[in-house]
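Chain and residue survey
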Amino acid sequence: MVALLAGLLSLWKWSSDNIIKRQIDYNSTRAAAGQISAAEEPPATYEAQQMTEKDVYLFK
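Residues numbered from 1 in each chain as written. Predicted model: local features only at pLDDT ≥ 70, side-chain atom pairs only at ≥ 80, totals over all residues. Heavy atoms only, no water.

The next point concerns the overall build of the chain. Along the backbone of the chain there are one helix and zero strands. By residue count, 0% of the 60 residues in the chain fall in the buried class. Taken as a whole, the chain presents about 6,500 Å² of accessible surface, with 63% of it coming from carbon and sulfur. (Helix = DSSP H or I, 4+ residues; strand = E, 2+ residues; numbered from the N terminus. Buried < 20%, exposed > 50% of the residue type's maximum accessible area, 1.4 Å probe, protein only. Areas by Shrake-Rupley, 256 points an atom, 1.4 Å probe, with all protein chains shown as cover.)

Let us now look at the environment of S15. As for its placement among the helices and strands, S15 is situated in helix 1 (residues 2-29). Note on S15: relative accessible area 27%, which makes it partly exposed. Reaching out from S15, the side chain makes a polar contact with the backbone oxygen of W12 at a distance of 2.9 Å. (Polar contact = N/O pair within 3.5 Å; in protein donor to acceptor, adjacent residues only side chain to side chain.)

Next up on the list: the pattern of salt bridges. Within the structure shown, the criterion is met by two salt bridges. Residue D17 is joined to K13 by a salt bridge in which the shortest nitrogen-to-oxygen separation is 3.1 Å. One end of the pair, D17, and the other, K13, are both in helix 1, four residues apart, so they sit about a helical turn from each other. By relative accessible area, which is 46% here, K13 ends up partly exposed. Close ionic contact of K21 with D25 constitutes a salt bridge, the shortest N to O distance being 3.1 Å. Taken together, the residues K21 and D25, both in helix 1 and four residues apart, mark about one turn of the helix. (Salt bridge = Lys/Arg side-chain N within 4 Å of Asp/Glu carboxyl O.)

Here we take up a nonpolar patch on the surface. The grouping of M1, L4, L8, L11 and W14 at the surface amounts to a nonpolar patch, some 650 Å² of accessible area in total. Among the secondary structure elements, L8 is positioned in helix 1. With relative accessibility at 49%, the residue L8 sits in the partly exposed group. (Patch = residues over 30% accessible without salt bridge, like charges linked within 9 Å, V, L, I, M, F, W, Y side chains within 5 Å.)

Quick look at the structure:
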């Protein structure tokens, strides 16, 4: 029983450390939110259509 508990604890410790390491590596390589590299075209803006009375349908 002790060997099983020790194995589960070591597996939990390994997975916890592995998740932290992967997150650090991911954060160091990803582009920041809203960042546009110089080689890319800026994204097109989204223009929503004007809502009309027929588009509103609460409790109909």
